[in-house]
Amino acid sequence: MRNVSLIWRIRNKHGKAWWIKLKTALSIAGTDPTGGAGTTVDLKVFQSRGVYGMSVVTSIVAQNTLGVQQVFNQPADVIAAQLESVYSDILPDAVKTGMLATSEVMDVVRPYIVQHDIPYVIDPVMVAKSGDALLDENGKSAVRTKLLDVATVVTPNIPELEEIVQMKVETMDDIKRAGKIFINEIGSKSVLIKGGHLKGDATDYLFTRDEFVVLKGERYDTKHTHGTGCTYSAVITSELAKGKSIVDAVNLAKQYMDLAIKYTPELGNGQGPVNHFKYQEVNPCLHN
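Residues numbered from 1 in each chain as written. Predicted model: local features only at pLDDT ≥ 70, side-chain atom pairs only at ≥ 80, totals over all residues. Heavy atoms only, no water.

Right, let's talk about the overall build of the chain for a bit. Of regular secondary structure, the chain possesses nine helices and 12 strands. With 288 residues in all, the chain has 55% of them scored as buried. Considering only contacts within the chain whose residues lie at least 6 apart along the sequence, 66% involve residues at least 24 apart. Carbon and sulfur atoms make up 50% of the accessible area of the chain, which amounts to about 13,200 Å² in all. (Helix = DSSP H or I, 4+ residues; strand = E, 2+ residues; numbered from the N terminus. Buried < 20%, exposed > 50% of the residue type's maximum accessible area, 1.4 Å probe, protein only. Contact = heavy atoms within 4.5 Å. Areas by Shrake-Rupley, 256 points an atom, 1.4 Å probe, with all protein chains shown as cover.)

Right, here's the structure in full:
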(Lines give C-alpha, C1' and ligand atoms only; values in the text may rest on other atoms or scores of the structure.)
Protein backbone atom coordinates (compact mmCIF):
# COMPACT_ATOMS: atom_id res chain seq x y z
CA MET A 1 0.00 0.00 0.00
CA ARG A 2 1.34 3.43 -0.95
CA ASN A 3 2.19 5.87 1.81
CA VAL A 4 0.09 8.80 0.60
CA SER A 5 1.69 11.12 3.15
CA LEU A 6 4.94 10.95 1.18
CA ILE A 7 3.83 10.91 -2.45
CA TRP A 8 1.81 13.04 -4.83
CA ARG A 9 -0.21 11.77 -7.78
CA ILE A 10 0.51 13.56 -11.06
CA ARG A 11 -1.47 13.04 -14.27
CA ASN A 12 -0.06 14.02 -17.66
CA LYS A 13 -1.97 15.34 -20.70
CA HIS A 14 -2.67 11.80 -21.90
CA GLY A 15 -4.33 10.84 -18.62
CA LYS A 16 -1.49 8.61 -17.46
CA ALA A 17 -0.76 8.89 -13.73
CA TRP A 18 2.50 8.48 -11.91
CA TRP A 19 3.70 9.12 -8.38
CA ILE A 20 6.42 11.38 -7.06
CA LYS A 21 7.67 11.98 -3.54
CA LEU A 22 5.87 14.92 -1.99
CA LYS A 23 8.24 17.83 -1.38
CA THR A 24 7.79 20.31 1.44
CA ALA A 25 8.28 24.06 1.79
CA LEU A 26 8.19 26.34 4.81
CA SER A 27 7.00 29.95 4.83
CA ILE A 28 8.17 32.18 7.69
CA ALA A 29 6.18 35.40 7.40
CA GLY A 30 3.26 37.53 8.52
CA THR A 31 -0.40 36.98 7.75
CA ASP A 32 -3.02 38.52 5.49
CA PRO A 33 -6.63 37.75 6.47
CA THR A 34 -7.83 38.56 2.94
CA GLY A 35 -5.49 35.93 1.50
CA GLY A 36 -3.42 38.03 -0.87
CA ALA A 37 -0.03 38.20 0.80
CA GLY A 38 2.23 36.80 3.49
CA THR A 39 2.28 33.24 4.70
CA THR A 40 -1.43 33.08 3.89
CA VAL A 41 -0.76 33.29 0.18
CA ASP A 42 2.48 31.30 0.35
CA LEU A 43 0.50 28.22 1.33
CA LYS A 44 -1.79 28.71 -1.69
CA VAL A 45 1.19 29.00 -3.99
CA PHE A 46 2.91 25.93 -2.56
CA GLN A 47 -0.29 23.96 -3.10
CA SER A 48 -0.65 25.26 -6.66
CA ARG A 49 2.85 23.98 -7.43
CA GLY A 50 2.27 20.54 -5.90
CA VAL A 51 4.34 21.16 -2.77
CA TYR A 52 3.25 20.51 0.82
CA GLY A 53 3.23 23.88 2.59
CA MET A 54 4.03 24.68 6.21
CA SER A 55 4.08 28.06 7.94
CA VAL A 56 5.57 29.88 10.90
CA VAL A 57 3.70 33.11 11.67
CA THR A 58 5.97 36.01 12.62
CA SER A 59 3.38 38.79 12.71
CA ILE A 60 -0.40 38.91 12.76
CA VAL A 61 -1.32 41.63 10.30
CA ALA A 62 -4.76 43.16 9.92
CA GLN A 63 -4.64 44.14 6.26
CA ASN A 64 -6.74 44.05 3.12
CA THR A 65 -6.57 45.40 -0.42
CA LEU A 66 -6.89 48.95 0.96
CA GLY A 67 -3.93 48.84 3.32
CA VAL A 68 -2.61 47.74 6.70
CA GLN A 69 -4.84 48.49 9.67
CA GLN A 70 -2.91 46.93 12.54
CA VAL A 71 0.17 44.78 13.21
CA PHE A 72 1.00 42.52 16.13
CA ASN A 73 4.53 41.13 16.06
CA GLN A 74 4.79 37.71 17.66
CA PRO A 75 7.20 37.40 20.60
CA ALA A 76 10.54 35.93 19.58
CA ASP A 77 10.09 32.90 21.85
CA VAL A 78 6.76 32.07 20.17
CA ILE A 79 8.43 32.20 16.76
CA ALA A 80 11.28 30.02 18.06
CA ALA A 81 8.78 27.48 19.37
CA GLN A 82 7.01 27.31 16.00
CA LEU A 83 10.30 26.79 14.19
CA GLU A 84 11.29 24.01 16.55
CA SER A 85 7.90 22.35 16.04
CA VAL A 86 8.50 22.23 12.29
CA TYR A 87 12.20 21.35 12.17
CA SER A 88 11.98 18.65 14.84
CA ASP A 89 9.28 16.82 12.91
CA ILE A 90 9.17 17.65 9.16
CA LEU A 91 12.40 19.03 7.74
CA PRO A 92 11.44 21.30 4.81
CA ASP A 93 12.99 20.89 1.36
CA ALA A 94 13.09 24.67 0.95
CA VAL A 95 12.39 27.73 3.11
CA LYS A 96 11.31 31.28 2.40
CA THR A 97 11.07 34.27 4.68
CA GLY A 98 8.87 37.27 4.19
CA MET A 99 7.96 39.70 6.94
CA LEU A 100 10.54 39.52 9.73
CA ALA A 101 9.68 42.68 11.60
CA THR A 102 12.66 43.01 13.95
CA SER A 103 16.34 42.24 14.26
CA GLU A 104 15.55 39.94 17.17
CA VAL A 105 13.33 37.78 14.96
CA MET A 106 16.17 37.48 12.43
CA ASP A 107 18.43 36.23 15.22
CA VAL A 108 15.88 33.50 15.94
CA VAL A 109 15.52 32.47 12.29
CA ARG A 110 19.17 32.49 11.21
CA PRO A 111 20.37 29.37 13.09
CA TYR A 112 17.70 27.23 11.44
CA ILE A 113 18.92 28.39 8.03
CA VAL A 114 22.62 27.96 8.81
CA GLN A 115 22.32 24.51 10.38
CA HIS A 116 20.58 22.89 7.41
CA ASP A 117 21.71 22.69 3.78
CA ILE A 118 18.32 23.72 2.41
CA PRO A 119 17.52 26.28 -0.32
CA TYR A 120 16.57 29.57 1.32
CA VAL A 121 14.62 32.34 -0.45
CA ILE A 122 14.36 35.82 1.06
CA ASP A 123 11.61 38.22 0.07
CA PRO A 124 13.01 41.25 1.94
CA VAL A 125 9.62 42.70 2.85
CA MET A 126 9.96 46.25 4.11
CA VAL A 127 6.86 48.06 2.88
CA ALA A 128 3.39 46.77 2.00
CA LYS A 129 1.95 47.41 -1.47
CA SER A 130 -0.19 50.11 0.16
CA GLY A 131 2.93 51.93 1.34
CA ASP A 132 2.64 50.89 5.00
CA ALA A 133 5.96 50.08 6.71
CA LEU A 134 6.35 46.43 7.76
CA LEU A 135 9.92 46.57 9.08
CA ASP A 136 11.41 48.91 11.67
CA GLU A 137 14.63 50.86 11.04
CA ASN A 138 16.82 48.43 12.98
CA GLY A 139 15.26 45.59 11.04
CA LYS A 140 16.08 47.23 7.72
CA SER A 141 19.77 47.45 8.53
CA ALA A 142 19.80 43.97 10.11
CA VAL A 143 18.51 42.23 6.96
CA ARG A 144 21.81 42.75 5.19
CA THR A 145 24.04 41.50 8.00
CA LYS A 146 21.92 38.71 9.47
CA LEU A 147 20.22 36.93 6.55
CA LEU A 148 21.33 37.87 3.06
CA ASP A 149 24.72 36.14 3.26
CA VAL A 150 23.02 32.73 3.70
CA ALA A 151 20.38 33.26 1.00
CA THR A 152 20.01 31.06 -2.05
CA VAL A 153 17.82 33.66 -3.78
CA VAL A 154 16.95 37.20 -2.68
CA THR A 155 13.98 38.85 -4.44
CA PRO A 156 14.02 42.62 -3.84
CA ASN A 157 11.95 45.15 -5.73
CA ILE A 158 13.67 48.43 -6.59
CA PRO A 159 12.83 50.33 -3.35
CA GLU A 160 13.98 47.34 -1.26
CA LEU A 161 17.10 47.01 -3.41
CA GLU A 162 17.98 50.68 -2.92
CA GLU A 163 17.56 50.33 0.85
CA ILE A 164 19.85 47.30 0.98
CA VAL A 165 22.66 48.51 -1.30
CA GLN A 166 22.31 52.17 -0.25
CA MET A 167 22.28 53.60 -3.76
CA LYS A 168 19.80 54.88 -6.30
CA VAL A 169 18.92 52.30 -8.96
CA GLU A 170 17.62 53.71 -12.25
CA THR A 171 19.80 52.46 -15.09
CA MET A 172 21.16 49.13 -16.33
CA ASP A 173 24.58 50.07 -14.98
CA ASP A 174 22.97 50.63 -11.56
CA ILE A 175 21.28 47.24 -11.73
CA LYS A 176 24.53 45.47 -12.63
CA ARG A 177 26.39 47.26 -9.86
CA ALA A 178 23.71 46.32 -7.33
CA GLY A 179 23.76 42.71 -8.48
CA LYS A 180 27.53 42.53 -8.01
CA ILE A 181 27.18 43.94 -4.49
CA PHE A 182 24.86 41.07 -3.57
CA ILE A 183 27.11 38.39 -5.04
CA ASN A 184 30.60 39.74 -4.30
CA GLU A 185 30.13 41.76 -1.11
CA ILE A 186 27.04 40.51 0.71
CA GLY A 187 27.58 36.88 -0.26
CA SER A 188 24.13 35.81 -1.52
CA LYS A 189 24.13 32.90 -3.98
CA SER A 190 21.82 34.87 -6.27
CA VAL A 191 19.59 37.92 -6.43
CA LEU A 192 16.49 38.45 -8.54
CA ILE A 193 16.02 42.18 -9.04
CA LYS A 194 12.38 42.83 -9.87
CA GLY A 195 12.02 45.70 -12.32
CA GLY A 196 8.36 46.51 -11.82
CA HIS A 197 9.18 49.96 -10.42
CA LEU A 198 11.35 50.85 -13.43
CA LYS A 199 10.10 52.34 -16.68
CA GLY A 200 9.30 50.20 -19.71
CA ASP A 201 8.42 46.52 -19.79
CA ALA A 202 8.24 44.42 -16.63
CA THR A 203 11.77 43.04 -16.97
CA ASP A 204 13.54 41.30 -14.10
CA TYR A 205 17.26 40.60 -13.69
CA LEU A 206 18.77 37.46 -12.15
CA PHE A 207 22.36 37.47 -10.95
CA THR A 208 24.02 34.24 -9.79
CA ARG A 209 27.66 33.58 -9.14
CA ASP A 210 27.99 32.25 -12.70
CA GLU A 211 25.21 33.84 -14.77
CA PHE A 212 23.33 37.03 -15.56
CA VAL A 213 19.83 36.37 -16.92
CA VAL A 214 17.39 38.95 -18.24
CA LEU A 215 13.74 37.90 -17.82
CA LYS A 216 11.56 39.97 -20.08
CA GLY A 217 7.88 40.39 -19.34
CA GLU A 218 4.91 42.39 -20.48
CA ARG A 219 3.60 45.23 -18.31
CA TYR A 220 -0.16 45.03 -17.74
CA ASP A 221 -2.43 47.95 -16.97
CA THR A 222 -3.83 46.80 -13.64
CA LYS A 223 -3.87 48.02 -10.05
CA HIS A 224 -4.35 44.48 -8.77
CA THR A 225 -0.80 43.58 -7.75
CA HIS A 226 -1.22 42.91 -4.02
CA GLY A 227 1.09 40.11 -2.93
CA THR A 228 3.17 39.90 -6.10
CA GLY A 229 6.44 39.74 -4.17
CA CYS A 230 5.16 37.03 -1.85
CA THR A 231 3.78 35.03 -4.75
CA TYR A 232 6.92 35.31 -6.90
CA SER A 233 9.23 34.21 -4.09
CA ALA A 234 6.88 31.38 -3.04
CA VAL A 235 6.90 29.93 -6.57
CA ILE A 236 10.70 30.04 -6.60
CA THR A 237 10.76 28.31 -3.21
CA SER A 238 8.41 25.60 -4.49
CA GLU A 239 10.59 24.85 -7.50
CA LEU A 240 13.80 24.82 -5.46
CA ALA A 241 12.12 22.36 -3.08
CA LYS A 242 11.66 20.04 -6.06
CA GLY A 243 15.36 20.23 -6.86
CA LYS A 244 15.28 22.67 -9.77
CA SER A 245 18.24 24.95 -10.38
CA ILE A 246 18.01 28.62 -9.45
CA VAL A 247 17.73 29.67 -13.09
CA ASP A 248 15.02 27.11 -13.91
CA ALA A 249 13.06 27.96 -10.75
CA VAL A 250 13.13 31.67 -11.49
CA ASN A 251 12.21 31.18 -15.16
CA LEU A 252 9.12 29.17 -14.22
CA ALA A 253 8.20 31.70 -11.53
CA LYS A 254 8.40 34.51 -14.09
CA GLN A 255 5.94 32.67 -16.34
CA TYR A 256 3.66 32.04 -13.36
CA MET A 257 3.70 35.75 -12.44
CA ASP A 258 3.00 36.88 -15.99
CA LEU A 259 -0.26 34.91 -16.01
CA ALA A 260 -1.06 35.80 -12.39
CA ILE A 261 -0.94 39.52 -13.16
CA LYS A 262 -2.53 39.31 -16.60
CA TYR A 263 -5.61 37.48 -15.29
CA THR A 264 -6.22 39.06 -11.88
CA PRO A 265 -9.50 38.04 -10.17
CA GLU A 266 -10.52 41.69 -9.53
CA LEU A 267 -11.18 41.20 -5.82
CA GLY A 268 -11.42 43.92 -3.19
CA ASN A 269 -11.93 47.67 -3.21
CA GLY A 270 -8.25 48.56 -3.46
CA GLN A 271 -5.16 46.85 -4.88
CA GLY A 272 -6.46 43.32 -5.21
CA PRO A 273 -4.55 40.02 -5.29
CA VAL A 274 -3.12 38.29 -8.31
CA ASN A 275 -4.36 35.01 -9.81
CA HIS A 276 -2.79 31.97 -8.16
CA PHE A 277 -4.64 29.43 -10.31
CA LYS A 278 -4.03 30.58 -13.90
CA TYR A 279 -0.61 29.00 -14.43
CA GLN A 280 -1.87 25.56 -13.50
CA GLU A 281 -4.97 26.08 -15.63
CA VAL A 282 -2.78 26.81 -18.65
CA ASN A 283 -0.21 24.13 -17.76
CA PRO A 284 -2.23 21.36 -16.03
CA CYS A 285 0.53 18.76 -16.26
CA LEU A 286 3.44 20.80 -14.95
CA HIS A 287 3.53 20.24 -11.20
CA ASN A 288 7.04 18.83 -11.40
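That covers the picture; the talk isn't over yet.
In this structure, Asp 174 sits in helix α6 (residues 172–186). Residues in contact with Asp 174, not counting those within four places in the same chain, are Met 167, Lys 168 and Val 169.

A separate point is the layout of surface pockets. Looking at the second largest pocket, its volume works out to about 240 Å³. Split into classes, the residues belonging to the lining of the second largest pocket amount to seven nonpolar, three polar and four charged. (1 Å grid on protein atoms, 1.4 Å probe; cavity = no way out; pocket = protein on both sides within 12 Å on 5 of 7 lines; lining within 4 Å. Points joined across faces, edges and corners; volume = space filled by probe spheres on them. Nonpolar A, V, L, I, M, F, W, Y, C, P; charged D, E, K, R; others polar.)

The subject of this paragraph is the nonpolar core. In a soluble, globular protein the nonpolar side chains are often hidden away together inside. Ranked by size, the top nonpolar core spans 43 residues in total, and within it Leu 26, Leu 83, Phe 182 and Ile 193 carry the most contacts. In this structure Phe 182 touches Leu 148, Val 154, Pro 156, Leu 161, Ile 164, Val 165, Gly 187, Ser 188 and Val 191, once residues within four positions along its chain are discounted. Formed by 27 residues, the second largest nonpolar core is a distinct cluster that contains Val 235, Ile 236, Tyr 256 and Tyr 279. (Core = buried A, V, L, I, M, F, W, Y, C linked by side-chain atoms within 4.5 Å.)

What follows deals with helix α2 (residues 76–87). Across its 12 residues, α2 extends 16 Å between first and last C-alpha, which sits within 8% of the 16 Å expected from 1.5 Å per residue. Within the sequence span of α2, burial applies to Ala 76, Ile 79, Leu 83, Val 86 and Tyr 87. Buried residues of α2, seen end-on, are gathered within an arc of 90° and therefore sit on one face of the element. Each element contacted by the buried residues of α2 is listed here: β3 (24–29), β4 (52–57), β7 (94–97) and α3 (103–114). (Expected span 1.5 Å × (residues − 1). Arc of directions from axis to C-beta.)

Turning our eyes to something else, we now look at empty space enclosed by the protein. Tallying each qualifying case throughout the model produces two cavities of 30 Å³ or more. Reported here for the largest cavity is a volume of approximately 60 Å³. If you go around the largest cavity, you meet 11 residues; those closest to its centre are Gly 98, Leu 100, Pro 124, Val 125 and Val 143. Looking at the lining of the largest cavity residue by residue, the classes come out as eight nonpolar, two polar and one charged.

Tracing the backbone shows Val 109 in helix α3. Look at Val 109 and you get buried, because its relative accessible area is 0%. Counting along the chain gives 29 residues from Val 109 to Ala 80, while the straight-line C-alpha distance between them is 7.6 Å. If sequence neighbours within four positions are ignored, Val 109 has contacts with Ile 28, Leu 83, Thr 97 and Leu 100.

A cluster of nonpolar residues, Met 172, Phe 212 and Val 214, forms a patch on the protein surface that exposes about 230 Å² of accessible area. Judged by its relative accessible area of 35%, Phe 212 is partly exposed. (Patch = residues over 30% accessible without salt bridge, like charges linked within 9 Å, V, L, I, M, F, W, Y side chains within 5 Å. Salt bridge = Lys/Arg side-chain N within 4 Å of Asp/Glu carboxyl O.)

Along the chain, the position of Gln 74 falls in the loop between β6 (67–73) and α2. With 31 residues separating them in the primary sequence, Gln 74 and Val 105 have C-alpha atoms 9.0 Å apart. If sequence neighbours within four positions are ignored, Gln 74 has contacts with Val 57, Thr 58, Ser 59, Ile 60, Ile 79 and Gln 82.

Turning to the confidence of the model for the chain, a few remarks are in order. Taken over all residues, the pLDDT of the chain has a mean of 89, while the share at 70 or more is 87%. Note that pLDDT drops below 50 for residues 1–6; the model gives that stretch six contacts with residues more than four away or on any other chain. (pLDDT = per-residue confidence, 0-100.)

Attention now moves to the packing of α3 against helix α4 (residues 137–146). For the pair α3 and α4, the least separation of the axes is 8 Å and the interaxial angle reads 25°. Relative to α4, the element α3 lies roughly parallel. Pair α3 / α4 crosses with right-handed handedness. Contacts between α3 and α4 involve Ser 103, Met 106, Asp 107 and Arg 110 from the first element and Asn 138, Gly 139, Ala 142, Val 143, Thr 145 and Lys 146 from the second. When its residues are assigned to classes, the contact of α3 with α4 shows three nonpolar, four polar and three charged. (Axes fitted to C-alpha atoms, helices over the stretch in contact; angles between N-to-C directions. Parallel < 35°, antiparallel > 145°, perpendicular 65-115°, else oblique. Left-handed = near helix turned anticlockwise from the far one by under 90°.)

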